[in-house]
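Commentary on secondary and tertiary structure
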Amino acid sequence: MDLKLYDTLTREKRPFQPIDPARVRMYVCGPTVYDHAHIGNARPVIVFDVLFRLLRQIYGADHVVYVRNITDVDDKINARAAERGIPIRQLTEETYANFKADVAALGCLPPTVEPRATEHIAEMKTLIERLVANGCAYVAEGHVLFHVAAMTDYGRLSNRSLDEMVAGARVEVAPYKKDPMDFVLWKPSKQGEPGWSSPCGIDTPGRPGWHIECSAMSWKHLGETFDIHGGGIDLVFPHHENEIAQSRCAFHTPVMANFWMHNGFLQVEGEKMSKSLGNFLTIDDLLKDWPGEVLRFNMLRTHYRQPIDWTLRGLEESFSSLRTLMDGIEAQTSDSIAPGVYEALCDDINMPKAIAELHAMHGRGDGAALAATLAALGFVRRPQSRRKVDETAIAALIDKRRAARTAKNFAESDRIRDELQAMGVILKDSRDGTTWELAP
Ligand code: AMP
Ligand code: ZN
C-alpha cells in the first residue's frame, strides 16, 4: 500500500517517496510563544502527529525526523512581555512549557527536534549574507530585504502573480523597498527590543524577520531539501511562499520540500474564533472540561484539509463515540495500525474513513487489533467522565425553560431542552418539577 499525500504546490494527491527512506524528514511551523495556544493551533499539531505516527510505522520509528520550531522572537512577544512587566525569556519559557503540557495531553508525541529561533540567529545571518551575495536580497536603511523580482516563479505555492499580490495584500509600503512585495529578512531593533549584531556590514543591532527563521531552522536540522513541510492553510501566503523563495534562492535548488501540506481552518460554533466574540477557546481551558482524548478525537473526525466547525455538540458526539470504541479496552500493550485503518490513512490521511473502519472493527469484535490501532493513533485511555458540568448553569437553563413553558412558548422550551441535551443533560419532568441527570 503506497502512501499518497496531497501537495499544495502541485495541487495533486500523489505517491509519497522519501528522498532517503532511512531518514524521512518533516518540518512543521510551530507556535509563536506569547500566550496560551488556542484550539485552532492544536489542529496542525494533532494532524501532523498522526502523519508522524504513520511515517514511523511505515519507515520505522528511528527513521523519521520531525522538526517543529518555536518562534521566540516576535513583535507580539515583545509587546506581551512589556505589558506583563516580565523579561521576554520568562514569557517565552512559561508559554512554551504550557504548550508542551497542552499538546502532550492531546496525545501528541514530542517532535524529534524543537528548535528555537533565537538559537539559530547565526544560520539566519549566513542565509541572509548568501542571498545578498547572489543578488536576491539587498540592504536598505538598516534592513535587509528579499527582492521578489529576483525569483522568476515567486508565487507558485499560493498560485498568484505578483500583480495580484500587490493588489490583494496589505503590504507595508516603505520608501526603501525596491518593490512593494519585497519582504524583510532582517530589520533594525528599536530601543529595548532584543537585538543581535547585524549581517551584511550593517553596524546597528537588528533582529530577523519571521520567514527567515523557518528557512534557517529547516536547513540546520533537515538540510537544503527535505520531504514534507506542513502548517495551517493561513501560512501558505506569505509565510511559506517566502520560505520557499529564501531557501531555493540561497541553495539554488528546484524545490524546498517535496510535499507542502496544509490543514484547513477551525472555527467555533460557526464563527471565526476571536477574543472580541468571546468564543476564544484555549487548549488549556478545554482540558479543564474534557479529557484530552476527546479533544483529539473531535479534531480528527474531520478530514484535515476541510474546515472544522468546533462545537459543543461535536464534542458530546466525540465523547460518546470514543467511549463506545474503547469499551472494554483497559491498558494497551502494543501499538500497530490494522490494515483497513492503514489503508484509509495512506489515502492522504483519511481519518473519517479510518474512524469508520475503527467502528467496523468494534462491530466485528476485533478487540485486540482495535486496541492496538487506537494506541498507535494516540488513544490510550478510555475517557471516563464527560466534561465537568456547571450545575448553576444547568439550574438557570431549567428555570428559563420553566418560564418559557408557563408562557406557552414551546419552541423556546424545546430549544432549551435540546441545548441541555447537547451538554449531556437529560431532563425528567414530573408533577413535582424538573430534575436532571447526566446521560450515560
Ligand atoms: P501561529 O502561532 O498563529 O503562527 O499559529 C501556529 C499554527 O496554528 C500555524 O500552523 C497556524 O496555521 C495554525 N492555526 C492558527 N489558527 C488556526 C485555526 N483557527 N485553525 C487551524 N489552524 C490554525
Ligand atoms: Zn514557518
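The text that follows walks through the structure, step by step, so that each part is easy to find. (Residues numbered from 1 in each chain as written. Chains lettered and ligands numbered in written order. Predicted model: local features only at pLDDT ≥ 70, side-chain atom pairs only at ≥ 80, totals over all residues. Heavy atoms only, no water.)

This brings us to the pairing of strand S4 (residues 64–68). Across the five residues that make up S4, a large majority, five, are buried. By the alternation rule, side chains of S4 split into Val64, Tyr66 and Arg68 and Val65 and Val67, which are all buried. Across five bridges, strand S3 (residues 24–28) lies against S4 in parallel orientation. Across the sheet, Met26 pairs through a bridge with Tyr66, a residue of S4. Each parallel crossover has a hand, and the one from S3 via helix H1 (residues 39–59) to S4 is right-handed. (Buried < 20%, exposed > 50% of the residue type's maximum accessible area, 1.4 Å probe, protein only. Helix = DSSP H or I, 4+ residues; strand = E, 2+ residues; numbered from the N terminus. Pairing = 2+ DSSP bridges. Right-handed = clockwise from strand over helix to strand, strands pointing away.)

Our focus in this paragraph is the packing of helix H2 (residues 75–84) against helix H3 (residues 88–105). At a minimum axis separation of 9 Å, H2 and H3 run at an interaxial angle of 105 degrees. The angle between the axes of H2 and H3 places the two elements in the roughly perpendicular class. Across the interface between the two elements, Ile77, Asn78, Arg80, Ala81 and Arg84 from H2 touch Ile88, Leu91, Thr92 and Glu94 from H3. (Axes fitted to C-alpha atoms, helices over the stretch in contact; angles between N-to-C directions. Parallel < 35°, antiparallel > 145°, perpendicular 65-115°, else oblique. Contact = heavy atoms within 4.5 Å.)

All right, on to the site of ligand 1 then. Near ligand 1 there are 13 residues, and of these Gly40, Asn41, Gly232, Asp234 and Leu266 occur at the shortest range. Gly40 places a main-chain nitrogen or oxygen 3.1 Å from a nitrogen atom of ligand 1. One of the side-chain N or O atoms of Asn263 is found 3.4 Å from a nitrogen atom in ligand 1. When residues of the shell around ligand 1 are traced back to their parent elements, those giving at least two are H1 and strand S9 (226–232). When residues of the shell around ligand 1 are assigned to their parent elements, the largest contribution, three residues, is made by H1. Looking at the shell around ligand 1, its residues break down into four nonpolar, eight polar and one charged. (Near = heavy atom within 4 Å. Polar contact = N/O pair within 3.5 Å; in protein donor to acceptor, adjacent residues only side chain to side chain. Nonpolar A, V, L, I, M, F, W, Y, C, P; charged D, E, K, R; others polar.)

Everything listed here is a matter of coordinates, which is why it stays silent on function.
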